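# Descriptive analysis of the structure
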Amino acid sequence: DLSRSITNTATVSSPDTAEHNSNNNSESASVILTALTNMTAQKQASLANALAGQKIDYTLNATNQGPSQATGVYVEDTLPLGLIWVTPPSAAGATCTLANGDAIAAGLEVTAANQTMTCAWSAPFNGGISDVTKSVTYALRSPNVGYPTSINSSAVVRTSTLETIAWNSTTPPTDNTTSKTVALD
């Protein structure tokens, strides 16, 4: 539970005035504070146009724009089908897994079964005055033959902390999603 209650109590008294009813000399007010955050996602690719089989470096940024600390932060990255892993993901403080449990290793092909990569951070993303960004980097390449004219990958960042822009059922706010398209020559 990321809610916290703050209570402010005021008490009045007088050293030189007689008090007939001391039961009404104090009053308290409580406010419940709820943590809120604004997570954003951004995806970058090292190339806008890639040759067949050329390595494409991806960077996926998850940013907490505050105002509160974000906990339970993870990204779900939908990878382009048919691409081949070159470099497994690197994400400081996060663990990355594929939907079907495949080990991420160079040479592994992205299939419908392992297309979703989830990277989860164990430590909270601090909030406050400055944004806190954590990144996932990895590299994929297209096959040398039989590749599409372009590839698209999309990602969404989620948190267990309430967000300033509420989710509509299962649809995330637009700043929680990102995508990147690379043309293949």
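See above for the structure.
Residues numbered from 1 in each chain as written. Predicted model: local features only at pLDDT ≥ 70, side-chain atom pairs only at ≥ 80, totals over all residues. Heavy atoms only, no water.

## Notes on a nonpolar patch on the surface
A cluster of nonpolar side chains, contributed by Ile6, Val31 and Leu33, occupies part of the molecular surface with about 260 Å² of accessible area. By relative accessible area, Leu33 is classed as partly exposed at 40%. (Patch = residues over 30% accessible without salt bridge, like charges linked within 9 Å, V, L, I, M, F, W, Y side chains within 5 Å. Areas by Shrake-Rupley, 256 points an atom, 1.4 Å probe, with all protein chains shown as cover. Salt bridge = Lys/Arg side-chain N within 4 Å of Asp/Glu carboxyl O. Buried < 20%, exposed > 50% of the residue type's maximum accessible area, 1.4 Å probe, protein only.)

## Brief notes about the pattern of salt bridges
Counted by the stated rule, this structure contains three salt bridges. Between Lys43 and Asp77 there is a salt bridge, and its shortest N-O distance comes to 2.5 Å. On the criterion of sequence distance, the pair formed by Lys43 in strand E3 (residues 39-45) and Asp77 in strand E6 (residues 74-78) is long-range, its members being 34 residues apart. Classification of Lys43 as buried rests on a relative accessible area of 3%. Here Glu76 makes a salt bridge to Arg158, at a shortest N to O gap of 3.4 Å. Residue Glu76 is located in strand E6, and its partner Arg158 is located in strand E11 (residues 150-158); the two are separated by 82 residues in the primary sequence. (Helix = DSSP H or I, 4+ residues; strand = E, 2+ residues; numbered from the N terminus.)

## Here's the deal with the sheet that holds strand E4 (residues 49-50)
The strand order across the open sheet formed by six strands is E4-E12-E11-E6-E9-E8, and the pairing between neighbours is mixed. Each having just a single partner strand, E4 and strand E8 (94-98) make up the two edges of the open sheet. With seven bridges connecting them, E11 and strand E12 (residues 177-184) associate as antiparallel partners. Paired with Asn152 across the strands is Thr181, a residue of E12. (Pairing = 2+ DSSP bridges.)

## A few points about the environment of Gln54
Note that Gln54 resides in the loop between E4 and strand E5 (55-64). Taking relative accessible area as the criterion, Gln54 reaches 30% and is therefore assigned partly exposed. In sequence terms Gln54 and Leu140 are 86 residues apart; their C-alpha atoms lie 8.4 Å from each other. When neighbours within four sequence positions are excluded, Gln54 is seen to be in contact with Leu47, Asn49, Leu140, Arg141 and Ser142. (Contact = heavy atoms within 4.5 Å.)

## Regarding the sheet that holds E5
Strand order in the open sheet formed by four strands is E3-E5-E10-E7, and the pairing between neighbours is antiparallel. A single partner strand is all that each edge strand has here, and the edge strands are E3 and strand E7 (84-90). Within the sheet, the average angular offset between the axes of one strand and its neighbour, ignoring direction, is 15°. With four bridges connecting them, E7 and strand E10 (residues 132-141) associate as antiparallel partners. Within the sheet, the bridge partner assigned to Trp85 lies in E10 and is Leu140. (Axes fitted to C-alpha atoms, helices over the stretch in contact; angles between N-to-C directions.)

## Describing the packing of aromatic side chains
Applying the stated criterion across every chain, the model contains three aromatic pairs. Centre to centre, the rings of Tyr58 and Tyr138 are 5.3 Å apart; their planes meet at 25°, and the pair counts as stacked. Taken together, the residues span a long stretch of sequence, with Tyr58 in strand E5 and Tyr138 in strand E10 at a distance of 80 residues. Neither residue differs from the other here; Tyr58 and Tyr138 are each classed as buried. Ring geometry for Trp121 and Phe125: centres 5.4 Å apart, planes at 85°, overall edge-to-face. Accessibility assignment for this pair places Trp121 and Phe125 in one class, buried. Site record: aromatic cluster; members linked through ring pairs are Tyr58, Trp85 and Tyr138. One Lys or Arg, Lys43, reaches over the ring of Tyr58 and ends 5.1 Å from the middle of that ring. (Phe/Tyr/Trp six-rings, centres within 6.5 Å; stacked < 30°, edge-to-face > 60°. Lys NZ or Arg CZ within 6 Å of the ring centre and 35° of its normal.)

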